[in-house]
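Residue strings, one per chain:
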Amino acid sequence: MPPNRVYEVFRQKRLGEEYIHVGEVEALDPETAMLAAKEHFSRRELCSGLWVVDREHVTAAHWDEAVLSSGFGKDYRKPEGFRAGTGEFAHRDLS
Amino acid sequence: MTVAASVSAELIKLADEELFAGHVLTSVSGWGPELEINLAMSSMGQDELGHARLLYGLAVGTDRDRINDLIYARPPGEFRAAALSSVYSKQWEMLVVKHFLYESADAERLRLLAGSTPELAEAAAKMRSEEDFHLEFWTSWFDRTARIDHARVQKALSALWPSAAGLFDFGEGGLFTPASAREAADDWSSRITSRLTSLGFSLPSVAEEPVDDSQRILDEMRIVYNDAPGRW
């Protein structure tokens, strides 16, 4: 048998919703990956769609956590002073 | 719903086959070549056990005790399952060939069932949503396994093909008309034969050794029931 490859599995719970990564399977090829993914990730869950993606085809970021998380904790960037959907400021006094 | 005794007997035959196939699949789930396949086999085996219960319910009503009696207390000689459904091999080629034959024949039988009463058609539709996938799974693995080890697949076909015809062994005046059952059996048989011969396989009509593991399945399934009668 040729060696197995790793396939990342994405599941959509309901039509129109986003596909979310739920795990991976090892398989020979996309077809057997899909056969395995179907029984692994949809047998007890709502499911309206599945994707399998060869891990080799995923482009991963080369930055580390320090770079990727650098936006975390910058509260001043959050639009909390603004009431979403109303077009109004929650606090008039922004001084 | 009450059905005629002859119809009930044939629904029970279908249920027995799903019960045997399901028991084997859930029992061999540590023996597939990979974790992914083991989990899929176990899951599909549970589907088959569910279909067995559904079909028993259609045959005798949904009373649990009656269904349990059919499964656990019926004399083994009264089971009419085709021997193929009982084959209890842990060899991958045997599993693949068994289920390729079983699921492809079962698809024909579900088509027959779909043309029967509305209640049976509804059950057939429910089962098909799972069986279509089972057929795809085993067909795909049959094709791959045949490419990888033709000789071992031939050996499994020689052992199992002769017992597959029993899947269409229905009586007179039961669930299906004899003509429709025969036609479905012939369609299936000629389709499978031409597919397999084109892949270079031969299909002997008689097996060297008969295959029937139904007693082993019943012994396993009934361990608790027999050990603790009335208390299980």
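Note that the coordinates shown come from a computational prediction; the quantities given were computed from them, not determined experimentally. (Residues numbered from 1 in each chain as written. Chains lettered and ligands numbered in written order. Predicted model: local features only at pLDDT ≥ 70, side-chain atom pairs only at ≥ 80, totals over all residues.)

When its secondary structure is counted, chain B shows 10 helices and zero strands. Beginning at the N terminus, the succession of helices and strands in chain B can be written as α-α-α-α-α-α-α-α-α-α. The C-alpha radius of gyration computed for chain B amounts to 17 Å, which stays within 12% of the reference 17 Å derived for 232 residues, consistent with globular compactness. Here the C-alpha coordinates of chain B stretch approximately 50 × 45 × 30 Å along the principal axes. Split into buried and exposed, the 232 residues of chain B put 41% on the buried side. Taking the contacts inside chain B whose residues are at least 6 apart along the sequence as the reference set, 77% of them involve residues at least 24 apart. (Helix = DSSP H or I, 4+ residues; strand = E, 2+ residues; numbered from the N terminus. Rg over C-alpha atoms; globule rule 2.2 N^0.38 Å. Buried ≥ 20, exposed ≤ 12 C-beta atoms within 10 Å, placed from the backbone. Contact = placed C-beta atoms within 7 Å.)

All names here are of chain B. The residue Thr2 is located in the segment before α1 (5–27) in this model. According to the C-beta neighbour criterion, Thr2 is exposed, with 8 such atoms within 10 Å. Once the C-alpha coordinates of Thr2 and Gly61 are considered, the two residues, 59 residues apart in sequence, prove to be 7.3 Å apart.

Moving on: the confidence of the model for chain B. Confidence in the prediction for chain B averages 93 pLDDT; 99% of positions are at 70 or higher. Confidence metrics for the complex model read pTM 0.87 and ipTM 0.78. (pLDDT = per-residue confidence, 0-100.)

Across the boundary between the two partners, chain A contributes 12 residues, which contact nine residues of chain B. Here the element with the most residues in the side of chain A that touches chain B is helix α1 (residues 30–41) of chain A; it accounts for seven residues. Split by residue class, the side of chain A that touches chain B holds five nonpolar, two polar and five charged. (Nonpolar A, V, L, I, M, F, W, Y, C, P; charged D, E, K, R; others polar.)

All names here are of chain A. Spatial ordering of the open sheet is given by β2-β1-β3, a layout of three strands whose pairing is antiparallel. The sheet is open, and its two borders are formed by β2 (20–27) and β3 (49–54), each paired with just one other strand. Here the strands of the sheet are splayed against their neighbours by 30° on average, with no regard to which way each runs. Across six bridges, strand β1 (residues 5–12) lies against β3 in antiparallel orientation. (Pairing = 2+ DSSP bridges. Axes fitted to C-alpha atoms, helices over the stretch in contact; angles between N-to-C directions.)

A few words now on the environment of Gly115 of chain B. Summarising the element assignment, Gly115 of chain B is placed in the loop between α5 (92–114) and α6 (118–148). A C-alpha to C-alpha distance of 9.3 Å links Gly115 of chain B and Phe176 of chain B, two positions 61 residues apart in sequence.

Another aspect to go through is the pairing of β1 of chain A. Examined bridge by bridge, β1 of chain A and β2 of chain A share seven bridges and lie antiparallel to one another. Bridging across to β2 of chain A, Tyr7 of chain A finds its partner in Val25 of chain A.

Residue and element names in this part refer to chain A. Secondary-structure assignment places Pro30 in helix α1. Overall, Pro30 belongs to the partly exposed group, with 15 C-beta atoms counted inside 10 Å. Considered as a pair, Pro30 and Gln12 are 18 residues apart in the sequence and their alpha carbons are 18 Å apart.

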